[in-house]
Amino acid sequence: MAQTSSSTISQQVKTKVEGGSASKERQTTIEKHLSEAEIEKLLQSLQTSLNGLSSEEVKRRLAKYGPNSIEEKKVNPILKFLSYFWGPIPWMIEVAAILSAIVRHWSDFAIICALLVFNAVVGFWQEYKADNAIEALKKKLALKARALRDGKWQEVDAATLVPGDIVRLRLGDIVPADVILLDGDYLSIDQSALTGESLPVSKSKGDSAFSGSIVKQGEMVAVVVATGKNTYFGKTAQLVSTAKTVSHFQKAVLTIADYLIYVSLALVAVLILFQLHRGDPWLELVQFALILTVASIPVAMPAVLSVTMAVGALALSRMKAIVSRLESIEEMAGMDILCSDKTGTLTKNELTLGEPVTIAAKDKDELILYAALASKEEDADAIDGAILAALKDKGVLKRFKQLHFIPFDPVRKRTEAEIQTEDGKVIRVTKGAPQVILELVGPDEDTAKKVQEVVNKFAEEGYRTLGVAVSRDGKTWELLGILPLFDPPREDSAETIRHAKKYGITVKMVTGDNLAIAKQIARKLGLGTNIKPVSAFLKDDSQEDLVDAAPEIIEEADGFAEVFPEHKFAIVKALQKKNHIVGMTGDGVNDAPALKQADVGIAVSGATDAARAAADLVLTAPGLSVIIRAVEEARKIFERMNSYAIYRISETIRIMVFVVLAMIFFNFYPITAIMIILLAFLNDVPIMTIAYDNTKLNREPARWDMAEVITIATSMGIVGIVGSFGMLLLALDWLHLDVAQVQTYVFLKMAVAGHLVLFVARTKGHFWEKPYPAPIMIWSAVVTKVAGTLIAAYGFGLITPITWPEIALIWAYSIASAFVTDLVKVYVYRRFDELRKGKHKFHLFVKKEITPHAKWTKKVYKT
């Protein structure tokens, strides 16, 4: 019966929406309103009640209806594996294999086929690992719901909801399934994802709310009528991106890859024309050209990028920071300003009640009691918890009945409850920001002055204050008194802020508290006292004033007080206008626009589902230190990617240019096709370990500098070309080796020197300095170098062997070349450092002129 009801309701709504043409009509007709009698019938048909379901019944329904999620289309693993044999690069390898078979080079054919299978296996395995990593992150970010089960309110995974479950919806929740509202005052719901309407829609008892919409205001109890594929929306909000997302950094690296492909194809075309003119067999020439091109193209790049990002994301998750958008790792590495919430991030979020100040209340106990009546224990609100904990006897609350409760929201800034007393009278109680309560009460001038003095005194001592009022006739309000609350700074906040400054990150406090409280906390944390209230630079409530008129004020401020959630968005935009990469923390539904606008949106521990959905980073532990550790890890990931880009460019230049020039000038193949394939095998294994390498932590925010990367890589590549020609001349003119031996000579030199270049490229300083390479990187290089040396020594029927003294000479020459390459690299880096210091203004001018509109390229060119 439950399935019939849920399907029917979903179908009725769907039919109405598809029938309307105008958006206004869609918004009206999407509503499904039930009368009291229809609600009773619905509960009967769902075989449930306002007391909820039992755990055993939930298990039965879960087995019958399935989880409250949409089954993802899983690609057949065999088909996914076969897809690695389809595409431009596999085609080139396959054509090379066919040509090897035509000219009866069977050893070449066998190894080319092995390379093809090897690339497929590596690509498949790395994607499989990346997918598993992202799946683990998705599980950690699973949506939660509050359901009434076994007579108790419990937090459960939204995926376990079933038709008939009784759930509670409140500010910031993403509606976890299609529901009918049963009890409560109202909900204001943003269902723009369903209707396209930007304005929230008001809902009341009997109305429907759909999966994926966001609760903006209010709190109500509802019954689940449809889950999973039967919901109107079709799926719950997706919080986590996949590993296939391409970041700006990856786009830049892929642009380099395209450039290398074009250069490789141009050099190969020149090579073919020269060799055909000299009368070389065209089949062998084309086969060699194809293999050379494949070896020069960064085949392993997609696997290296996805694994490095996924491994980094898993490392961050172990630090209690879950990445919901993988490309945000790059932005996190470059973040130079962090706008941090005060409560719960800089402070403990453990409110303690101070000494109350009574005004109309008989004594402080009565004041605390009325404040407790304007609270709701099951909502687990921090302020409510502090007030309830201050009650001498919680049993006194049993003498009152809470008829209605309106929770706190950022606009009203107060809670309100309708209470029935022991003698049957109905009163209204409220608590909230003192200025809001004063406006509600409208006291005389002396009382208002007294309250303001009390609030200011408490603020100077770092206390937050709440006003408490009661209405006994439902019309006029009476101010009972002021409650002071103190949220002490976290023990690690001051040290973490000092740590952040060392790494070039400026922390700006953002709080809704008044200026006095903000300054007091800022002093304790060492943030500075240049705290600005939003009113200081916001005129006529215009958000544009923040962005256009005061970016300098915002940039120079140490923090902001009296901030509403919508101000956060404008603060972020103003800082971005000054070319900063901005991180913003948030926890509420109204923080979502700011979190999305920020380069790095951070949902703090305990954030609402809506904030988590908008954020790039979701914290599962409180405090600022989690964010700083995440930034440090992101910078390490960035450095690994940077090292790979430099290594890959220099290797392509070294191999391609040397081979083509050697063939043109010496008129013989300096290396055979089978040797190029073996090099590809030997190089791929150490490259995969870059994701696990130890890296130096930059003191400054990471910036992608394309000119620097290409210059460094080209310089290293040129040194490699000169070294390779020196080795070739030694083999020809000093050792007088024949062509086959020279080819083995060149092969081993490229294998050994290529791996050493990987160690040279991984740091900006000398490669023998700290941080040392990760053990897995060292051992992978040792194993592959030993394999290459043994192949050169014994041939194994693949190549012509050379003697051990010749092998020793190659090793010594390659090590010496690595030192020379390292010296050149360090010199070029130092020149770039000098240019940055000496021509900073010029760099800023270039950045501004080149990239006035593209946000990400501002980051690329920013120095």
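Numbers given to residues run from 1 along each chain, matching the order in which its sequence is written. Only residues with pLDDT of at least 70 are given local features in this predicted model, and only at 80 or more are side-chain atom pairs given and counted; all residues enter the totals for whole chains, interfaces and linings. Note that the side-chain values use all heavy atoms of the structure and ignore hydrogens as well as water.

**Q** Got a sec to walk through the pairing of strand 14 (residues 426-432)? Specific residues and values, please.
**A** Of all the seven residues making up strand 14, five are buried; the element is thus mostly covered by neighbouring parts of the structure. What sits between the antiparallel neighbours strand 13 (residues 414-420) and strand 14 is a turn of five residues, in which Gly-424 has the positive phi angle 90 degrees. In short, DSSP must find at least two bridges between two strands for them to pair. Helix and strand definitions follow DSSP, with helices as H or I runs of at least four residues and strands as E runs of at least two, each counted in order from the N terminus. Where strand 14 meets strand 15 (residues 463-471), five bridges bridge the pair, whose relative direction is antiparallel. Bridged to Lys-431 within strand 15 is Val-468. We call a residue buried when its accessible area falls under 20% of the maximum for its residue type, exposed when it is over 50%, and partly exposed in between, using a 1.4 Å probe and counting protein chains only.

**Q** Please set out the sheet that holds strand 22 (residues 617-619) residue by residue, giving values where relevant.
**A** Within a sheet, neighbouring strands are paired by backbone hydrogen bonds and run either parallel or antiparallel to one another. Pairing within the open sheet is mixed, and its eight strands lie in the order 8-22-21-20-9-17-19-18. Bordering the open sheet on either side are strand 8 (321-323) and strand 18 (531-533), each of which pairs with just one other strand. Direction aside, the axes of adjacent strands within the sheet are offset by 20 degrees on average. Of the pairings in the sheet, the one linking strand 17 (residues 506-510) to strand 19 (residues 559-561) comprises two bridges and is parallel in character. Bridge assignment links Val-510 to a residue of strand 19, and that residue is Phe-560. Each axis is a line fitted through C-alpha atoms, taken for helices only over the stretch in contact, and angles between the N-to-C directions span 0 to 180 degrees.

**Q** So what's going on with the nonpolar core? Which residues, and what values?
**A** Judged by nonpolar contacts, the single largest core of 123 residues is most densely connected at Phe-288, Leu-292, Val-659, Ile-671 and Phe-747. Sort the elements by how many residues they give to this core and helix 25 (residues 625-666) lands first, with 23 residues. Any two residues whose heavy atoms approach within 4.5 Å are treated as being in contact. Those residues in contact with Phe-747, other than ones at most four positions away along the chain, are Ile-671, Met-675, Leu-678, Leu-679, Leu-682, Gly-788, Ile-791 and Ile-799. Among the buried residues, those of types Ala, Val, Leu, Ile, Met, Phe, Trp, Tyr and Cys that are joined through side-chain atoms within 4.5 Å form a nonpolar core. With 29 residues, the next largest nonpolar core counts Ala-372, Leu-391, Phe-405 and Leu-466 among its residues.

**Q** Please provide a residue-by-residue account of the pattern of salt bridges, values included.
**A** Think of a salt bridge as a Lys or Arg side-chain nitrogen and an Asp or Glu carboxyl oxygen that are within 4 Å of each other. Counted by the stated rule, this structure contains 23 salt bridges. Between Lys-578 and Glu-555 there is a salt bridge, with its nearest N and O atoms 4.0 Å apart. A residue pair is termed long-range when its members are at least 10 positions apart, and Lys-578 in the loop between helix 22 (565-577) and strand 20 (582-586) and Glu-555 in helix 21 (residues 551-556) qualify at 23 residues. Because the salt bridges share partners, they merge into one network encompassing Glu-57, Arg-60 and Arg-61.

**Q** Report on a positive patch on the surface, specifying residues and quantitative values.
**A** Patch definition: residues with relative accessible area over 30% and no salt bridge; like charges joined within 9 Å; nonpolar side chains (Val, Leu, Ile, Met, Phe, Trp, Tyr) joined within 5 Å. All accessibility values rest on the Shrake-Rupley procedure with a 1.4 Å probe; residue burial counts only the protein chains present in the view. Charged residues are defined here as Lys and Arg on the positive side and Asp and Glu on the negative side; His and the ends of the chain fall outside this count. In this description, the location of a charge corresponds to atom NZ of lysine, CZ of arginine, CG of aspartate or CD of glutamate. A cluster of like positive charges, contributed by Lys-502, Lys-696, Arg-699 and Lys-764, occupies part of the molecular surface. With respect to the helices and strands, the residue Arg-699 is situated in the loop between helix 26 (673-688) and helix 27 (706-734).

**Q** Summarise unusual backbone geometry; cite the residues concerned and give the values.
**A** Following Lys-770, the chain continues into Pro-771 via a peptide bond in cis, with omega recorded as 0 degrees. Turning to its location among the elements, Pro-771 is positioned in the loop between helix 28 (739-761) and helix 29 (775-794). Phi at Gln-47 is positive, roughly 55 degrees, even though this residue is not glycine. With respect to the helices and strands, Gln-47 occurs in the loop between helix 3 (36-45) and helix 4 (55-65).

**Q** I'd like a description of helix 15 (residues 382-390), backed by residues and values.
**A** By the burial criterion, the buried members of helix 15 are Ile-383, Asp-384, Ala-386, Ile-387 and Leu-388. Contacts made by the buried residues of helix 15 are with strand 10 (352-353), helix 14 (364-373), strand 14, strand 15 and strand 16 (478-486).

**Q** Tell me about the environment of Phe-767, and please be specific about residues and values.
**A** Relative to the elements of secondary structure, Phe-767 occurs in the loop between helix 28 and helix 29. For the pair Phe-767 and Val-757, spaced ten residues apart in sequence, the C-alpha separation works out to 9.6 Å. Among residues more than four places away in sequence, those in contact with Phe-767 are Phe-759, Val-760, Ala-818, Phe-819, Asp-822 and Lys-825.

**Q** Go over the packing of helix 27 against helix 28 with me, naming the residues and quoting the values.
**A** Each pair of packed helices gets described by two things: the angle between the helix axes and the distance between those axes. Relative to each other, helix 27 and helix 28 sit at 155 degrees, their axes nearing to 10 Å. Taken together, the axis directions place helix 27 and helix 28 in an arrangement best described as roughly antiparallel. Every pair of crossing elements has a handedness; the one defined by helix 27 and helix 28 is right-handed. Taking contact as the criterion, the partners of Met-716, Gly-720, Gly-723, Ser-724, Met-727, Leu-728, Ala-731 and Leu-732 in helix 27 are, on helix 28, Val-742, Tyr-745, Val-746, Lys-749, Met-750, Val-757, Val-760 and Ala-761. Side-chain classes follow a simple rule in which Ala, Val, Leu, Ile, Met, Phe, Trp, Tyr, Cys and Pro form the nonpolar group, Asp, Glu, Lys and Arg form the charged group, and the remainder, Gly included, forms the polar group. Class assignment of the residues belonging to the contact of helix 27 with helix 28 gives a composition of twelve nonpolar, three polar and one charged. Roughly parallel means an angle under 35 degrees; roughly antiparallel, over 145; roughly perpendicular, 65 to 115; everything else is oblique. Here a crossing is taken to be left-handed if its near helix is turned anticlockwise relative to the far helix by less than a right angle, and right-handed if that turn runs clockwise.

**Q** Could you give an account of the confidence of the model for the chain, naming the residues involved and the relevant values?
**A** Per-residue pLDDT for the chain has a mean of 78; in total, 81% of the residues score no lower than 70. Every residue carries a pLDDT, the predictor's confidence in it, which falls somewhere between 0 and 100. Ranking the elements of the chain by mean pLDDT puts helix 32 (residues 855-861) last with 32 and strand 14 first with 93. Overall, residues 1-30 carries pLDDT values under 50, and its contacts beyond four positions in sequence, including any with other chains, amount to 48 contacts. Within the model, pLDDT remains below 50 along residues 235-246, and this stretch shows 34 contacts once partners closer than five positions in the same chain are excluded.

**Q** Give a description of the side chain of Lys-376 that names residues and reports values.
**A** As for its placement among the helices and strands, Lys-376 is situated in the loop between helix 14 and helix 15. Buried charged residue Lys-376 carries no salt bridge. Nearest counter-charge: Glu-219, at 4.1 Å. Ignoring anything within four residues of it in the chain, the contact list for Lys-376 reads Arg-168, Glu-219, Asp-384, Gln-402 and Phe-405.

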